[in-house]
Amino acid sequence: MDTGTHVVMGVALAGIATLDPVVQQDPALFNAVLVGTLVGSQAPDSDTVLKLKNNAVYIRHHRGITHSVPAVLLWGISIPSLIYLFSPEVNFLHLWLWTFLAVILHVFVDVFNAYGTQAYRPFTKRWVAYGFINTFDPYIFILHLAGIVAWNLGADPGLMWLIIYFVIALYYVKRYFDKRELVKLIHNHFDQVQQIATSPTIQQNIWRIAITTPTNYYVGRAENGHITILDSFVNKPIDYEDPVVQKALSDHNIKAFLSFSPVYRYEITYFDEYTEVRFIDLRYRSRGRYPFVAVAQIDDEHGEDKLKILNSYTGWVFTEEKLQDKLNIVKA
């Protein structure tokens, strides 16, 4: 989920914590729990700082190890321990319990959007992305805002937040069945479907879809149970025997892209001064373009034994001009 949603979830969890008699009877413990749930609800996204290094590192690691099982355990014990240093009079067990729950809730809700996480590490590095809740869901966010306002106006926080989270749980169930119906519809219309990537939109009745078959990729939109195919591409396997492709695959930007993207196509373009290998994620079609890409420009004028990567880039670019600007910056 987005940062704002994680923040309001931290507030909500502190409200639910008031149902704990130990927390309810100790204002100092409640304040410590509030800090713990707020920090715990943000801690797994601390890897956002990797953006300061470069896009490749960020893409490869965001929602990776910081969302893994060992990291959840580490956040769960380190955050309340740090808070306890400043408030040694509070009950550590209950502080730990609610802070740990905030960390778990953060990772749990992240697996339901299209971006996903590597929540099952170290058992597997597979990205878990169930793709039926938007990264920013206005219904979930508005329910939390309404709860915060009601709490400030005097509503009982424990009971109120339990009711709100029961409604949100029902909403998740609804969205799960919405996606299941969509997947069933796709299988009814396409033969030999190998993979389906779904991305919900803010509008409940509209989904972005990317479908993989042995021969083609189909990119489309589902609205009110009707599928519209917007683009189709030949499913061309990567030519691992091509020396230029081999060189591109050794680049850190290309590696980062491939470690993250489950549905992509690639193309090779030959220019006078270099050959460009471009990988294009098919999940994020926007205004007729695919803004999430990875590009490597390779000098191949001196033979296969002297191939050289001139520059490369991976990330979000919404115009070709912006992409070339990014590549020129890297080259400079």
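As recorded in an unreviewed UniProt entry, the protein goes by the name Metal-dependent hydrolase, listed as coming from Halobacillus salinus.

A. Local environment of the sheet that holds strand E3 (residues 216-223). Reading across the sheet, the four strands line up as E1-E2-E3-E4 and stay open at both edges, with antiparallel pairing between neighbours. Both outer strands of the open sheet, strand E1 (195-200) and strand E4 (226-234), are each paired with one neighbouring strand and no more. Averaged over all pairs of adjacent strands, the angle between strand axes in this sheet comes to 20°, irrespective of strand direction. The strands that helix H8 (residues 157-189) touches are E1, strand E2 (206-212), E3 and E4; relative to E2, the one it contacts most, it runs at about 45°.

B. The nonpolar core, seen in detail. Membership of the largest hydrophobic core comes to 48 residues, with the highest contact counts inside it found for Ile133, Ile140, Tyr165, Tyr172 and Ile186. Elements represented by at least two residues in this core include exactly helix H1 (3-16), helix H3 (27-40), helix H5 (69-86), helix H6 (92-110), H8 and E2. When residues in this core are grouped by element, the largest group, nine residues, is from H8. Counting contributing residues, this core receives three or more from each of domain 1 (3-174) and domain 2 (191-234). The residues contacting tyrosine 165, other than those within four sequence positions of it, are Met9, Ala12, Ile16, Leu105 and His144. One finds Ile238, Phe260, Phe292 and Ala294 within the second-largest nonpolar core, a separate group that totals 21 residues.

C. Structural view of the packing of H1 against H3. At their nearest, the axes of H1 and H3 sit 8 Å apart, and the two run at 150° to each other. As summarised for this structure, H1 and H3 are arranged roughly antiparallel, according to the angle between their axes. As H1 runs across H3, the sense of the crossing is right-handed. Contacts from Val7, Gly10, Val11, Leu13 and Ala14 of H1 reach H3 at Phe30, Leu34, Thr37 and Leu38. Split by residue class, the contact of H1 with H3 holds seven nonpolar, two polar and no charged.

Rules used in this analysis
Residues numbered from 1 in each chain as written. Predicted model: local features only at pLDDT ≥ 70, side-chain atom pairs only at ≥ 80, totals over all residues. Heavy atoms only, no water. Pairing = 2+ DSSP bridges. Helix = DSSP H or I, 4+ residues; strand = E, 2+ residues; numbered from the N terminus. Axes fitted to C-alpha atoms, helices over the stretch in contact; angles between N-to-C directions. Contact = heavy atoms within 4.5 Å. Core = buried A, V, L, I, M, F, W, Y, C linked by side-chain atoms within 4.5 Å. Buried < 20%, exposed > 50% of the residue type's maximum accessible area, 1.4 Å probe, protein only. Domains from an automatic or database assignment. Parallel < 35°, antiparallel > 145°, perpendicular 65-115°, else oblique. Left-handed = near helix turned anticlockwise from the far one by under 90°. Nonpolar A, V, L, I, M, F, W, Y, C, P; charged D, E, K, R; others polar.

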